[in-house]
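Spelled out from the first residue to the last, the chains are:
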Amino acid sequence: MTADDDLHWMQYALQLADKAEQSGEIPVGAVLVKDGVVLGEGWNQSIQLNDPSAHAEMIAIRQAAEKIGNYRLIDCTLYVTLEPCAMCAGLLVHSRVKRLVFGAKDAKTGAAGSVLDIVRHPVLNHQLDVLDGPLAQQCADKLSEFFRRRRAEQKALKQQEKQQSVEEGQFKR
């Protein structure tokens, strides 16, 4: 894979993150590629599916494994907009993904070097090649803007509820 390939697939993952955001999910997208061909893609759907495991990486890996008819995804690269959590990092190890490319680091739950390094842990039976940083700022900005907007919406909702409560109290007198 070249640096241009990495940028192309990270841009694709960002487009998938937009799908998550459009449905009210945390905007994370992932695409699994082998020899320039998409085997699986996903975006966060935990809220929609009521499934805590419905992370972008999990969905992309499941789709790819089903497509090729094998749980081992040898010689594949996963592109994801946010550093995988421990659950997803473990999945990458178990599925034998060769390479992980991610955009933004996750200082709270990142398991590819930030908090833990599951994907390169020397005791495990498989380690991944990891590249972090392609489109990192774009990926981080997308997440920051999402959470900024979500906090503003929650604040506005609380103010609206407070105002309704005050108005209801005035009518009861």
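Here's a quick rundown of the structure. (Residues numbered from 1 in each chain as written. Predicted model: local features only at pLDDT ≥ 70, side-chain atom pairs only at ≥ 80, totals over all residues. Heavy atoms only, no water.)

## Here we look at the nonpolar core
Stated formally: Here the nonpolar core consists of buried residues drawn from Ala, Val, Leu, Ile, Met, Phe, Trp, Tyr and Cys, with membership extended through side-chain atoms lying within 4.5 Å. Only protein chains enter the accessibility calculation, which uses a 1.4 Å probe. A residue is then buried if its area is under 20% of the maximum for its type, exposed if over 50%, and partly exposed in between. In this text, helices come from DSSP runs of H or I with a minimum length of four residues, and strands from runs of E with a minimum of two, each type numbered from the N-terminal end.
Within the largest apolar cluster, 42 residues are counted, with the highest numbers of intra-cluster contacts made by L32, L78 and L100. Where this core is concerned, the elements lending two or more residues are helix 1 (3-22), strand 1 (29-34), strand 2 (37-43), helix 3 (56-68), strand 3 (77-82), helix 4 (86-94), strand 4 (99-104) and helix 5 (136-171).

## Let's talk about the side chain of S53
Test applied: Side-chain atoms alone can form a polar contact between residues adjacent in sequence; in general such a contact is a pair of N or O atoms within 3.5 Å, and within protein one must be able to donate a hydrogen while the other accepts it. Residue contacts follow a heavy-atom distance rule, with two residues in contact if any of their heavy atoms lie within 4.5 Å.
Positionally, S53 belongs in the loop between helix 2 (46-49) and helix 3. Here D51 takes part through its side chain, which lies 2.7 Å from a polar atom of the side chain of S53. The contact partners of S53, leaving out residues within four places of it in the chain, are M58, R62 and M87.

## Structural notes on the packing of aromatic side chains
To be explicit about the condition: Working definition: rings of Phe, Tyr and Trp (its six-membered ring) pair if their centres are within 6.5 Å, and the pair is stacked with planes under 30 degrees apart, edge-to-face with planes over 60 apart, and tilted otherwise.
Under the counting rule described, the total for this entry stands at two aromatic pairs. On the basis of an interplanar angle of 70° and a centroid distance of 5.6 Å, the ring pair of W9 and Y12 is categorised as edge-to-face. With W9 and Y12 both in helix 1 and three residues apart, this pair spans about one turn of that helix. A relative accessible area of 24% means that Y12 is categorised as partly exposed.

## A word on the sheet that holds strand 3
Applicable threshold: At least two DSSP bridges between two strands are required for those strands to pair. Lines are fitted to the C-alpha atoms to define the axes, a helix being fitted only along its stretch in contact, and any angle between axes, read from their N-to-C directions, falls within 0 to 180 degrees.
On the basis of which strands lie adjacent, the open sheet formed by five strands has the order 2-1-3-4-5 and mixed pairing. Of all strands in the sheet, those bounded by a partner on one side alone are strand 2 and strand 5 (129-132). Across the sheet, the axes of successive neighbouring strands diverge by a mean angle of 15°, strand direction being ignored. Here strand 1 pairs with strand 2 via six bridges, running antiparallel. Opposite L32, over in strand 2, you have G40 as the bridge partner.

## Notes on helix 3
How we decide: In this analysis, the expected span of each helix is defined as 1.5 Å times one less than the number of residues it contains.
Here helix 3 contains 13 residues, and its C-alpha end-to-end distance of 19 Å stays within 8% of the 18 Å for a straight helix at 1.5 Å per residue. Within helix 3, burial applies to A56, E57, M58, I59, A60, I61, A64 and A65. Contact partners of the buried residues in helix 3: strand 1, strand 2, strand 3 and helix 4. G69 sits one or two positions beyond helix 3 and adopts a positive phi of about 75°.

## Some thoughts on the environment of C76
Positionally, C76 belongs in the loop between helix 3 and strand 3. Judged by its relative accessible area of 1%, C76 is buried. When the C-alpha atoms of C76 and S95 are compared, they prove to be 9.8 Å apart, with 19 residues separating the residues in sequence. Apart from residues lying up to four places away in sequence, C76 is in contact with L32, V33, K34, L39, V97, K98 and R99.

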